[in-house]
Structures are given as structure tokens and as C-alpha cells.
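Descriptive structure summary
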Amino acid sequence: MTIIFKEIKDIDTQAIQELFHSVDWKSGDFPEDLRQAINNSHTVITAWDDNKLVGLINALSDGVMTVYFHYMLVHKEYQSLGIGKRMMEQMLSRYSNIKTKVLISYDSAEKFYGLFGFKPEEGTKAMFISDMV
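This write-up is about the structure you can find in this document. Bear in mind the structure is a predicted one, so any value in this text is a computation, not a measurement. (Residues numbered from 1 in each chain as written. Predicted model: local features only at pLDDT ≥ 70, side-chain atom pairs only at ≥ 80, totals over all residues. Heavy atoms only, no water.)

**What about the overall build of the chain?**
Along the chain, the regular secondary structure elements total four helices and five strands. Relative to the 2.2 N^0.38 estimate, which gives 14 Å for 133 residues, the radius of gyration of the chain is 14 Å and therefore close to what a compact globule would have. If you line up the chain on its principal axes, its C-alpha atoms span 40 × 35 × 30 Å. Looking at the chain as a whole, 37% of its 133 residues qualify as buried. A fraction of 62% describes how many contacts in the chain between residues 6 or more apart in sequence connect residues 24 or more apart. (Helix = DSSP H or I, 4+ residues; strand = E, 2+ residues; numbered from the N terminus. Rg over C-alpha atoms; globule rule 2.2 N^0.38 Å. Buried < 20%, exposed > 50% of the residue type's maximum accessible area, 1.4 Å probe, protein only. Contact = heavy atoms within 4.5 Å.)

**Regarding helix 1 (residues 13-22)**
For helix 1, the set of buried residues is Ala-15, Ile-16, Leu-19, Phe-20 and Ser-22. Buried positions in helix 1, seen along its axis, are confined to an arc of 160° and lie on one side of it. Elements that come into contact with the buried residues of helix 1 comprise helix 2 (31-39), strand 3 (52-61) and strand 4 (66-74). In this structure Asp-12 caps helix 1, since a side-chain oxygen of it lies 3.1 Å from the backbone nitrogen of Gln-14. (Arc of directions from axis to C-beta. Polar contact = N/O pair within 3.5 Å; in protein donor to acceptor, adjacent residues only side chain to side chain.)

**Let's talk about the sheet that holds strand 1 (residues 3-6)**
Spatially, the five strands line up as an open sheet ordered 1-2-3-4-5, and their pairing is mixed. The strands lining the two open edges of the sheet, one partner per strand, are strand 1 and strand 5 (100-103). For this sheet, the mean inter-axis angle between neighbouring strands, taken without regard to orientation, is 20°. In this sheet, strand 5 lies alongside strand 4 in parallel orientation, the contact comprising four bridges. Of the residues in strand 5, the one forming a bridge with Val-67 is Lys-101. Contacting strand 3 and strand 4, helix 1 runs over the sheet at an angle of about 90° to strand 3. (Pairing = 2+ DSSP bridges. Axes fitted to C-alpha atoms, helices over the stretch in contact; angles between N-to-C directions.)

**A look at the packing of aromatic side chains**
The tally for this structure, following the rule as stated, stands at nine aromatic pairs. Taking 5.7 Å as the distance between ring centres and 65° as the angle between the ring planes, the aromatic pair formed by Phe-20 and Trp-25 counts as edge-to-face. Between the aromatic rings of Phe-20 and Tyr-71, the centroid separation amounts to 5.1 Å while the plane-to-plane angle is 90°, which identifies the pairing as edge-to-face. Placement of Phe-20 in helix 1 and of Tyr-71 in strand 4 is noted, with a sequence separation of 51 residues between them. Accessibility expressed as a relative area gives 0% for Phe-20, which makes it buried. Exposure remark for Tyr-71: the relative accessible area of 12% places this residue in the buried category. Three or more aromatic residues joined by ring pairs form one cluster here, namely Phe-69, Tyr-95, Phe-112, Tyr-113, Phe-116 and Phe-118. Note that Lys-6 overlies the ring of Trp-48, its terminal NZ or CZ placed 5.3 Å from the centroid. (Phe/Tyr/Trp six-rings, centres within 6.5 Å; stacked < 30°, edge-to-face > 60°. Lys NZ or Arg CZ within 6 Å of the ring centre and 35° of its normal.)

**A short note on the nonpolar core**
Within the largest apolar cluster, 22 residues are counted, with the highest numbers of intra-cluster contacts made by Ile-57, Phe-69, Ile-83, Met-87 and Met-88. Secondary-structure elements contributing two or more residues to this core are strand 2 (43-49), strand 3, strand 4 and helix 3 (83-94). Beyond its immediate sequence surroundings of up to four residues, Ile-83 is in contact with Ile-3, Phe-5, Ala-47, Val-54, Val-74 and Tyr-78. Judged by nonpolar contacts, the second largest core, of 15 residues, contains Ala-15, Phe-20, Val-23 and Tyr-71. (Core = buried A, V, L, I, M, F, W, Y, C linked by side-chain atoms within 4.5 Å.)

The following block contains the structure:
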């Protein structure tokens, strides 16, 4: 298996939906909205096994002060192969000049993100308004 990493935004809706559903993310129920969100991202890095989308990370940024990594996921069948690590390294390299890098982590992924220097900010709490409940 050879994983190819690409910086592309124009991704087939079905491929996006399959990736998000592989990790049981509810946002996979909104494939057209996801495709539009990916297209509107500042940067998107993807991982491919032949023609199969197996990983994706996106960034939303003002280009100067802050970058927010919203989606970071690897297909369930491809986890623990270093794909997420490679995508995060590429994204952090691309935004190395940005002063603040932000993401929201599930408890299960906190250790992974800690490897890159992310840590909870004392006194803060992630807050949401979501219509996907």
C-alpha cells in the first residue's frame, strides 16, 4: 500500500461522506455541506490509497494571527499507520509562521495532538452552537 498526500479541495462528495462515516462522525450525514466546507477551507491536505480518500485535514485561517484545524480524520481501516501524523506535520509546516494554532480534540485524541505541542489552555472551554445534534 502506498499512501499519496495531496493538497486539494475539490473532492468527490461520496468520497468525503465515506471517510466521515468510517469514523462515525455525524457530519457525514451532510455530504454536500461537507464538500462545500472543504472547498471553502484555507488549506486541505488529503491522503489517498489509490483512488480511495483515507485521510483529511483542513485549516481555516486569517493567514497572519490564527489558524484553526477543524477536521482531522483518518479512515478507520487506515489508523495507526502514521497518516494522521504526516498530515499534521505538513499542515504545521505550512502554518509555521502563524502565531496561534487552535483545534478542538476529543479526549481520545488529546495524547496524539500533544505530540505536536498542542495542550489545553488553562481557563478556557470549547463552546458550540450546533444544528447537527
